[in-house]
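Observations on the three-dimensional arrangement
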Amino acid sequence: MRQKILALTLCCLGVAAAADTYIPGTRVSYRLGKDAITDSNTSHLFVDEATNDDYIEFFCEKGQPIFYLNSTTEILSEEDYDDDKTPNLIFRVDSQTPKTIPTVTVNQSDDPDDYSHLSTLAVEDKNDPLIFSAFKNASSKVAIRVTRSNGRELTFTFPVKGFTQALAKINNCK
């Protein structure tokens, strides 16, 4: 299994940067971005978890949204990371049937004090559109669960009110 590169966001793990713009009355925000050389859209769309500082992120890359789950709790142990052992991600849109997809690790930062690679997961490239569609088509929430190697589950609930408005603000990643 290969790793994904988390672009410029690991520095902000757990909190949205001051430059983020929230959709009023929601837990959804976005940050506009454009590549200085290619002018391609490098914007970000964030959805904060309902009760804590965890969040998901969609990073625009080559016109496509790339999914990341960022937790304030470690999801992986160092051993899991070194062995490229990641949990499946189970997600449920509103009250629909849950779906399960595999996850992948993100690259470790060059900073020896940065352990965010242990609390961030991505999905395989082929599943980015699936999880994106889940958030885009949800009417109220997307619940996500991962079961860590020690058997302890982490469950997150992401309210999607404002998601389509934020998506429009970042030009649908195009």
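As the structure is a computational prediction, the values presented were derived from the model and not from experiment.

Let's shift gears to the sheet that holds strand β10 (residues 141–147). One open sheet accounts for 4 strands, arranged β7-β6-β10-β11; its pairing is antiparallel. Strands with a single pairing partner mark the edges of an open sheet, and in this sheet they are β7 (99–101) and β11 (153–159). Adjacent strand axes in the sheet meet at a mean angle of 20 degrees, parallel and antiparallel pairs treated alike. Of the strand pairs in this sheet, strand β6 (residues 89–93) and β7 are connected by 3 bridges, and their pairing is antiparallel. Among the inter-strand pairings, Phe91 is bridged to a residue of β7, identified as Lys99.

Relative to the assigned elements, Phe158 resides in strand β11. Phe158 sits in the buried class, given a relative accessible area of 0%. Taking the C-alpha atoms as reference, Phe158 lies 9.8 Å from Val93; in sequence the two are 65 residues apart. When residues no more than four places from it in sequence are discounted, the contact partners of Phe158 are Val47, Asp48, Glu49, Asp54, Tyr55, Ile56, Leu69, Phe135, Ser140, Lys141, Val142 and Ile144.

With that settled, consider the side chain of Asp80. Tracing the backbone shows Asp80 in helix α1 (residues 78–82). No salt bridge is formed by the buried Asp80; the nearest opposite charge belongs to Lys85, separated by 4.5 Å. A polar atom in the side chain of Asp80 sits 2.8 Å from the side chain of Ser149. The contacts of Asp80, once residues within four sequence positions are left out, are Lys85 and Ser149.

We now examine the nonpolar core. Of all hydrophobic cores here, the largest spans 37 residues; its most connected members are Phe67, Phe135 and Ile144. Among the elements that take part in this core, helix α2 (residues 128–137) stands out by supplying 4 residues, more than any other. Phe135 has contacts with Val47, Ile56, Phe58, Phe67, Val142, Ile144, Phe158, Val160 and Phe163, leaving out every residue within four places of it along the chain. With 6 residues, the next largest nonpolar core counts Ile66, Tyr68, Val106 and Ala122 among its residues.

Simply put, the disulfide is a covalent bond whose two ends are the sulfur atoms of two cysteines. Evaluation of the coordinates by the stated rule reveals 1 disulfide. The disulfide partner of Cys60 is Cys173, and the gap between their sulfur atoms is 2.1 Å. Since a negative S-S torsion denotes a left-handed disulfide, the Cys60-Cys173 link at about -75 degrees is left-handed. Of this pair, Cys60 sits in strand β4 (residues 55–61) while Cys173 is found in the segment after α3 (163–169), placing the two residues 113 residues apart along the sequence.

Thresholds, definitions, all that
Residues numbered from 1 in each chain as written. Predicted model: local features only at pLDDT ≥ 70, side-chain atom pairs only at ≥ 80, totals over all residues. Heavy atoms only, no water. Pairing = 2+ DSSP bridges. Helix = DSSP H or I, 4+ residues; strand = E, 2+ residues; numbered from the N terminus. Axes fitted to C-alpha atoms, helices over the stretch in contact; angles between N-to-C directions. Buried < 20%, exposed > 50% of the residue type's maximum accessible area, 1.4 Å probe, protein only. Contact = heavy atoms within 4.5 Å. Lys, Arg positive; Asp, Glu negative; His and termini not counted. Salt bridge = Lys/Arg side-chain N within 4 Å of Asp/Glu carboxyl O. Polar contact = N/O pair within 3.5 Å; in protein donor to acceptor, adjacent residues only side chain to side chain. Core = buried A, V, L, I, M, F, W, Y, C linked by side-chain atoms within 4.5 Å. Disulfide = S-S within 2.5 Å.

On their own, these measurements won't tell you what the molecule is for.
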